[in-house]
Amino acid sequence: MTLGTSTRLGLFLLLAPILVWLIALLVLPHADMFLVSMREKVAPRTYEFSLANYAEFFTEPLYWRTFARTAIMSIAATAMTLLIAFPVSYYIAKMLRGRLKSFLFLLCLVPFWVSELVRTFGWMILLRESGVFSNVFQWVGLADAPVEMLYNDATIMVGLVYTSMLFMVVPLVTTLDSLDDAQVEAGYDLGGNAFTVLREIIVPHAMPGIVSGCIVVFMLTLGNYLTPVLLGGKDSLWFTAQIYTQFITRFNWELGAAFGFLLLALSSLIVWAGLKVTRQTLTETMG
Amino acid sequence: MLETTDSFDLECRSLVRRFGAFVAVDNVSFGVPQGDFFSILGPSGCGKTTILRMMAGFDQPTSGDILIKGNSVLDVPPNKRPVNMVFQQLALFPMMSVAENIAYGLVRKGLGKSEIADKVKSALDRIGLPTSGDKSIKQLSGGQQQRVAIARCLVLEPTALLLDEPLGALDLKLREHMKVELKKMQDQFATTFVYITHDQSEALVMSNHVAVMNEGRFEQIGTPQDLYYHPDTAFVAGFVGDSNRWHGTVERADSSGVKVVTADGVSLLATPAGDAPLSKGGEVDIFVRPESVVLSLEAERVSGMDNRISGELISILFNGANSRALIRDSKTGGELDVALPQTGEFSTLAQGAEVHLGWGLAQAKAFAVNGERP
């Protein structure tokens with residue numbers, strides 16, 4: 001098919017904003033970052049091509065262990081978010097009708113009107129040694145001294161799950177909404193119980209929503225900086241904090257850039273493996 | 001067939017279901033004998049689906065009892081009731097293959113792998129889809145999906161199969177075909193069918209017994225012939241089959257029949273029908289089937305009949321053996337629907353021709369008007 005000049009111009013103009021956005025904000029910085037990651041400082045202001053930055057990640061245990069820890073905790077956070085969000089989404093999508101349904105759905109959205117930073121500080125007010133929970137525990141008599149609930153892995157997990165909830169609930173509600181009630185009833189009518197109906201009918205139907213929700217939550221969690229650093233403190237050992245340290249504290253842009261690309265590559269690998277294990281495809285999920 | 005005995009496969013006693021102030025099912029009682037094809041026929045919103053859902057266990061009656069093989073099942077959850085339901089939109093599981101759909105209930109029963117495979121295979125053979133086991137549901141045509149939905153239930157050998165307007169989603173031609181097919185399947189599996197429909201031809205063609213339902217109540221239960229030839233109420237007369245209808249006032253009522261005068265001043269003789277007695281001055285509806293009207297070109301042919309009308313032919317609705325003639329009464333301008341015999345006598349009949357109509361008083365049924373008319 002040949003397009004007229006004016007049609008082609010129109011198409012170009014339509015595509016221009018997205019192309020500018022993609023090239024200027026994604027492709028160019030990443031290309032430059034990639035080049036930075038592939039060089040080594042041999043003397044002041046002299047660089048040469050090297051893979052040393054990448055090698056450092058694998059030879060220095062702190063780095064790859066930090067990454068492994070981040071990945072495992074992100075997977076755990078994703079799984080917990082799914083476990084909590086699924087019943088919530090099912091309730092919103094299938095049990096409720098009309099205004100209450102939209103109201104509860106909106107309620108899931110409300111926390112996101114506040115910036116993540118403010119929300120995280122909210123958690124800190126609740127959980128710190130001199131915070132609300134600590135005082136309540138002492139007042140009730142559950143504790144004799146102030147309790148510090150910040151700066152541990154459990155707190156990081158709570159924060160991550162809380163932050164991710166919406167991104168799991170939205171795709172789940174959307175897919176569960178499209179499940180015909182008659183399917184569930186047929187599942188029971190033919191002898192299924194709550195568990196088999198869930199396993200054979202509801203979950204397979206919701207699979208695209210589960211997969212896309214999990215991918216989004218996993219990526220957001222893995223790349224999260226604020227929540228682990230603020231709630232986990234120095235010991236959070238989150239990989240993004242490691243990247244931040246290289247860029248800002250150590251001025252080692254080369255290593256930081258290499259870490260950035262490793263994060264991208266390794267997280268993509270984990271998502272790919274996840275899709276393989278659950279026998280889903282990206283096109284099925286997104287299409 | 002309404003006497004309460006234990007020989008019924010399925011029985012409802014004084015079933016009531018209220019939604020707030022609205023009474024969806026109002027004191028309905030009936031029994032379905034073993035192997036029967038029982039239909040509940042009614043306009044949409046009459047409560048027939050509510051009855052079916054209560055029998056399946058998805059809804060609880062406000063009062064009354066549901067018995068399967070003589071035992072009350074009110075406390076039995078849907079997955080434990082020995083009845084299965086074919087849903088209006090079929091509700092086949094799209095993520096499973098045809099064979100997996102049929103096997104679903106058998107797997108839930110905990111049957112062995114080889115036994116399930118045998119049963120699925122024989123079910124596929126019986127519904128004429130022996131090689132479609134591995135296909136996905138989307139690859140099947142509407143009629144094939146229909147058969148799978150029914151087979152999926154029948155492999156479980158339920159006491160009764162509940163069908164909720166399963167032909168509603170099909171196109172006309174397929175619907176006609178499926179009527180015959182359903183009846184055949186019922187014979188083949190020898191299972192009791194309870195069939196819900198708003199389509200009278202589906203109910204009449206397939207059923208042994210039909211209950212006509214209106215506004216939460218059963219108007220009449222009987223064989224299709226009963227309903228057609230001996231309707232108990234004006235609603236049944238109007239809803240089952242086609243009818244010409246007049247509304248009028250009783251001028252004289254005696255043992256031989258009633259004389260009714262319509263608002264247009266037409267005098268008609270009819271037989272009283274229904275429970276309510278007809279008395280002078282009472283309002284009645286008269287129903288006359290199109291096929292009980294004699295159509296003639298000569299006035300003498302109908303001169304001996306109780307009711308006579310002359311009119312002009314407006315149009316012929318040709319439909320083979322079911323052809324109709326639409327005739328306008330020359331006195332009142334009212335229109336009549338008359339069966340047009342395809343004997344050749346009327347083959348030259350042209351629009352505008354003058355024709356004479358006549359029917360006996362036995363063919364005209366007069367029902368007292370009480371409340372709303374269908």
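Please read all numbers here as calculations on a predicted model, not as lab measurements.

Thresholds applied
Residues numbered from 1 in each chain as written. Chains lettered and ligands numbered in written order. Predicted model: local features only at pLDDT ≥ 70, side-chain atom pairs only at ≥ 80, totals over all residues. Heavy atoms only, no water. Helix = DSSP H or I, 4+ residues; strand = E, 2+ residues; numbered from the N terminus. Buried < 20%, exposed > 50% of the residue type's maximum accessible area, 1.4 Å probe, protein only. Contact = heavy atoms within 4.5 Å. Rg over C-alpha atoms; globule rule 2.2 N^0.38 Å. Areas by Shrake-Rupley, 256 points an atom, 1.4 Å probe, with all protein chains shown as cover. Lys, Arg positive; Asp, Glu negative; His and termini not counted. Charge placed at Lys NZ, Arg CZ, Asp CG, Glu CD. Domains from an automatic or database assignment. Buried area = accessible area lost by both parts, 1.4 Å probe. Salt bridge = Lys/Arg side-chain N within 4 Å of Asp/Glu carboxyl O. Polar contact = N/O pair within 3.5 Å; in protein donor to acceptor, adjacent residues only side chain to side chain. Core = buried A, V, L, I, M, F, W, Y, C linked by side-chain atoms within 4.5 Å. Pairing = 2+ DSSP bridges. Expected span 1.5 Å × (residues − 1). Axes fitted to C-alpha atoms, helices over the stretch in contact; angles between N-to-C directions.

**What about the overall build of chain B?**
Counting secondary structure elements, chain B contains eight helices and 20 strands. Here the C-alpha coordinates of chain B stretch approximately 75 × 50 × 35 Å along the principal axes. Here chain B holds 374 residues, and 50% of them are scored as buried. Residue pairs at least 24 apart in sequence account for 66% of intrachain contacts in chain B once pairs closer than 6 positions are excluded.

**Digging into the overall build of chain A**
In terms of regular secondary structure, chain A is built from 13 helices and two strands. Relative to the 2.2 N^0.38 estimate, which gives 19 Å for 287 residues, the radius of gyration of chain A is 24 Å and therefore markedly larger than a compact globule would have. Based on the C-alpha atoms only, the size of chain A along its principal axes is roughly 80 × 75 × 35 Å. Buried residues in chain A amount to 37% of all 287 residues. Relative to all contacts within chain A whose residues are 6 or more apart in sequence, the contacts with residues 24 or more apart total 67%. Accessible area for chain A stands at about 16,500 Å²; split by element, carbon and sulfur atoms hold 72% of it. Computed over 17 positive and 19 negative side-chain charges, the separation of the two mean positions in chain A equals 5 Å.

**Section: the domain arrangement of chain B**
Often the size quoted for an interface is simply the accessible area lost on bringing the parts together. Residues and elements named next belong to chain B. Under the domain assignment used here, chain B contains domain 1 (8-233) and domain 2 (242-368). Centre-to-centre, using C-alpha coordinates, domain 1 lies 39 Å away from domain 2. With six residues of domain 1 at the interface, the matching set in domain 2 holds six residues. Summed over both partners, the interface of domain 1 with domain 2 buries about 520 Å², with 45% contributed by carbon and sulfur atoms. Of all residues in domain 1, Y228, P231 and D232 give up the largest surface area on contact with domain 2, accounting jointly for 70% of the area buried on that side. If you look at where domain 1 meets domain 2, you find zero salt bridges. For the interface between domain 1 and domain 2, the tally reads two residue pairs in polar contact (both at pLDDT 80 or more).

**A short note on the nonpolar core**
In terms of nonpolar packing, the biggest core is built from 115 residues, with L10, F30, I51, M55, I102 and L162 of chain B touching the most fellow members. Among the elements that line this core, the one with the most residues is helix α9 (residues 194-222) of chain A, at 11 residues. Dropping the residues within four chain positions of it, L162 of chain B is found in contact with L10, L52, M55, A56, V83, N84, M85, V86 and V194 of chain B. Ranked by size, the runner-up nonpolar core spans 27 residues in total, among them V266, L278, V284 and I309 of chain B.

**Brief notes about the interface of chain A and chain B**
Listed as interface residues are 18 residues of chain A and, on the opposing side, 22 residues of chain B. Of the roughly 1,600 Å² buried where chain A meets chain B, counting both sides, 59% is carbon and sulfur surface. When the area that chain A buries against chain B is broken down by residue, the three leading residues are E185, D189 and L190 of chain A, summing to 44%. In this structure, the connection of chain A to chain B is made through two salt bridges. In this structure, E185 of chain A engages R53 of chain B in a salt bridge whose closest nitrogen and oxygen atoms are separated by 2.6 Å. Going through the elements one at a time, α8 (181-189) and α9 of chain A are the ones with two or more residues in the side of chain A that touches chain B.

**Some remarks on the sheet that holds strand β5 (residues 71-72) of chain B**
Taken in spatial order, the four strands make up an open sheet running β2-β1-β4-β5 (chain B), and their pairing is antiparallel. Across the chains shown, the open sheet's two edge strands, defined by having one partner strand only, are β2 (22-33) and β5 of chain B.

**Details of helix α5 (residues 172-189) of chain B**
The periodicity of an α-helix, 3.6 residues per turn, causes residues three or four places apart in sequence to face the same way. Residues and elements named next belong to chain B. Over its 18 residues, α5 runs 25 Å from end to end, which matches the ideal 26 Å to within 8%, given 1.5 Å per residue. Residues R175, M178, K179, E181, L182, M185, Q186 and F189 constitute the buried set of α5. Packed against the buried residues of α5 are β3 (37-41), α3 (113-126), α4 (142-154), β7 (160-164), β8 (192-197) and α6 (200-206). Phi turns positive, to about 50 degrees, at A190, one or two residues after α5.

**Structural notes on the side chain of Q145 of chain B**
All names here are of chain B. Tracing the backbone through its elements, the reader meets Q145 in helix α4. A distance of 3.1 Å separates a polar side-chain atom of Q145 from the backbone oxygen of I137. Discounting residues that sit within four places of it in the chain, Q145 has contacts with L90, L92, I137, K138 and L140.

**Some details on the sheet that holds strand β12 (residues 257-262) of chain B**
The strands making up a sheet associate through backbone hydrogen bonding, with each pair oriented either parallel or antiparallel. Residue and element names in this part refer to chain B. Read around the closed barrel, the five strands follow the order β11-β12-β13-β20-β14; overall the barrel is mixed. Averaged over all pairs of adjacent strands, the angle between strand axes in this sheet comes to 50 degrees, irrespective of strand direction. The sheet contact formed by strand β13 (residues 267-272) and strand β20 (residues 364-368) spans two bridges and is parallel. The residue of β20 that forms the bridge with P272 is A366.

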